Amino acid sequence: MAETIVGRQPVLEALKAGTAIDKILFLEGVQGKQLEDIRAVAQARNIPVVVMNRYRFRDLVGHQKTQGVIALLSKPYSYSTVEQLLARAAERNEKPFVLVLDEIEDPQNLGALVRTAECAGVHGAIVPKHRSAPVSAAVVKASAGATEHLPIAEVTNIMHTIEELKQEHLWITGLDASGEKLYTEVDYTSPIALVVGNEGRGMRRLVKDHCDFVVRIPLLGKIASLNASAAGAIVMYEVVRQRCGKH
């Protein structure tokens, strides 16, 4: 089966973003305003909409939760380059704000981080080519379609990429429980790359060693760590708070 996007909001966002879609499949009998919007945008873009009975639909999607709609993509997800992320900041006349994800392996976490990043005005995310969840249908759905708006660059070597970002005058801030500073004690109004590590292991040691700052979020309960997407969201919105306060 072709690459897919599932779920009403992700499909609608993909349509609005101009994603290359071959056709859209509806489950027979499903209704709702979002489905009407999907049909209208698909019609405007000359993308066929096919209504399928539940047996054929289930054969295609298995046990995925689709909300009764699937988009079949014309081509796999198209990754951006690091240069394109930085160019996006320049086009907006903004100081770069980049999210670096060090081996995030859970599609739900990756999707949630991308969703928050898009909402927080991040200019793009960077993921390693290996030991990272790819941008799949599950990631697109978990991001509520944010993957169609936030460019994601795939790189071979995160450490090398961090050094390239430093050469572009970005300060590298890693998020880790061992951080010497609280996440609120760093100035994020300069060009910044925020590094979020793996769900279980955190940042790799070599990645941590390449950071200019390593910050921590205070934990006052009995649980020793936050979910990676929750932790990333907290710090991303500290960047927003500081930058908005400067206007």
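Report on the accompanying structure.

Definitions and limits used
- Residues numbered from 1 in each chain as written.
- Predicted model: local features only at pLDDT ≥ 70, side-chain atom pairs only at ≥ 80, totals over all residues.
- Heavy atoms only, no water.
- Buried < 20%, exposed > 50% of the residue type's maximum accessible area, 1.4 Å probe, protein only.
- Helix = DSSP H or I, 4+ residues; strand = E, 2+ residues; numbered from the N terminus.
- Pairing = 2+ DSSP bridges.
- Right-handed = clockwise from strand over helix to strand, strands pointing away.
- Axes fitted to C-alpha atoms, helices over the stretch in contact; angles between N-to-C directions.
- Core = buried A, V, L, I, M, F, W, Y, C linked by side-chain atoms within 4.5 Å.
- Contact = heavy atoms within 4.5 Å.
- Patch = residues over 30% accessible without salt bridge, like charges linked within 9 Å, V, L, I, M, F, W, Y side chains within 5 Å.
- Areas by Shrake-Rupley, 256 points an atom, 1.4 Å probe, with all protein chains shown as cover.
- Salt bridge = Lys/Arg side-chain N within 4 Å of Asp/Glu carboxyl O.
- Lys, Arg positive; Asp, Glu negative; His and termini not counted.
- Polar contact = N/O pair within 3.5 Å; in protein donor to acceptor, adjacent residues only side chain to side chain.
- Phe/Tyr/Trp six-rings, centres within 6.5 Å; stacked < 30°, edge-to-face > 60°.

## Regarding the pairing of strand β5 (residues 97–101)
Piece 1. The buried count for β5 comes to five of five residues, which makes it a mostly enclosed element.
Piece 2. The two faces of β5 match: Phe97, Leu99 and Leu101 on one face and Val98 and Val100 on the other face are all buried.
Piece 3. In this sheet, strand β10 (residues 192–196) lies alongside β5 in parallel orientation, the contact comprising five bridges. Residue pairing across strands places Val98 opposite Ala193, the latter belonging to β10.
Piece 4. Strand direction decides the pairing type here: β5 and strand β6 (residues 124–128), joined by three bridges, are parallel. From the neighbouring strand, Val98 faces β6, where its bridge partner is Gly124.
Piece 5. Each parallel crossover has a hand, and the one from β5 via helix α5 (residues 107–119) to β6 is right-handed.

## Let's talk about the sheet that holds strand β4 (residues 69–73)
Piece 1. The sheet built from four strands is open, its strands ordered β1-β4-β2-β3 with mixed pairing. Each edge of the open sheet carries a strand with a single partner, namely β1 (4–6) and β3 (49–52). Averaged over all neighbouring strand pairs, the angle between strand axes comes to 25°, with direction disregarded.
Piece 2. In this sheet, β4 lies alongside β1 in antiparallel orientation, the contact comprising three bridges. From the neighbouring strand, Thr4 faces β4, where its bridge partner is Leu72.

## What about the nonpolar core?
Piece 1. Of all hydrophobic cores here, the largest spans 49 residues; its most connected members are Ile24, Ile38, Leu99 and Met236.
Piece 2. Among the elements that make up this core, the one with the highest residue count is helix α9 (residues 228–245) (six residues).
Piece 3. Among all residues touching Ile24, those that are not within four sequence positions of it are Val11, Leu15, Ile38, Ala42, Ile47, Pro48, Val49, Val50, Val69, Ile70 and Ala71.
Piece 4. Ranked by size, the runner-up nonpolar core spans 20 residues in total, among them Val98, Ile158, Ile172 and Met203.

## Side note on the sheet that holds β6
Piece 1. With respect to topology, seven strands assemble into an open sheet ordered β7-β6-β5-β10-β8-β11-β9, the strand pairing being parallel. With partners counted over all chains shown, the strands left at the sheet margins are β7 (152–155) and β9 (181–182), one partner each.
Piece 2. Its contacts with the sheet put α9 on β5, β8 (171–175) and β10, and the angle it makes with β10 is roughly 165°.

## As for a nonpolar patch on the surface
Piece 1. A cluster of nonpolar side chains, contributed by Leu219, Leu226 and Ile234, occupies part of the molecular surface with about 210 Å² of accessible area.
Piece 2. With respect to the helices and strands, Ile234 occurs in helix α9.
Piece 3. Residue class for Ile234 comes out partly exposed when judged on its relative accessible area of 31%.

## With respect to the side chain of Arg243
Piece 1. Within the fold, Arg243 resides in helix α9.
Piece 2. Buried charge Arg243 goes without a salt bridge, the closest partner of opposite sign being Glu94 at 6.3 Å.
Piece 3. A distance of 2.9 Å separates a polar side-chain atom of Arg243 from the backbone oxygen of Tyr188.

## Observations regarding the pattern of salt bridges
Piece 1. Counted according to the given criterion, the structure contains 10 salt bridges.
Piece 2. Salt-bridge contacts for Asp102 lead to Arg204; the nearest nitrogen and oxygen are separated by 2.6 Å. In this pair, Asp102 is assigned in the loop between β5 and α5 and Arg204 in the loop between β10 and α8 (205–209), connecting sequence segments 102 residues apart.
Piece 3. Note on Asp102: relative accessible area 1%, which makes it buried.
Piece 4. Arg204 sits in the partly exposed class, given a relative accessible area of 29%.
Piece 5. In this structure, Asp209 and Arg205 form a salt bridge, with 3.1 Å as the shortest nitrogen-oxygen distance. Placement of the pair is Asp209 and Arg205 together in helix α8, with a separation of four residues, close to one helical turn.
Piece 6. For Arg205, a relative accessible area of 58% puts it in the exposed group.

## Description of the packing of aromatic side chains
Piece 1. Here the structure, examined in full by the defined rule, presents two aromatic pairs.
Piece 2. Between Tyr77 and Tyr79, the ring centres sit 4.9 Å apart and the planes meet at 80°, which makes this aromatic pair edge-to-face.
Piece 3. Judged by relative accessible area, Tyr79 falls into the partly exposed class, the value being 26%.

## Describing unusual backbone geometry
Piece 1. For Asn93, which is not a glycine, the phi torsion comes out positive at approximately 55°.
Piece 2. Its place among the elements puts Asn93 in the loop between α4 (82–91) and β5.
Piece 3. We note that Ala144 has phi near 55°; this positive angle belongs to a residue other than glycine.

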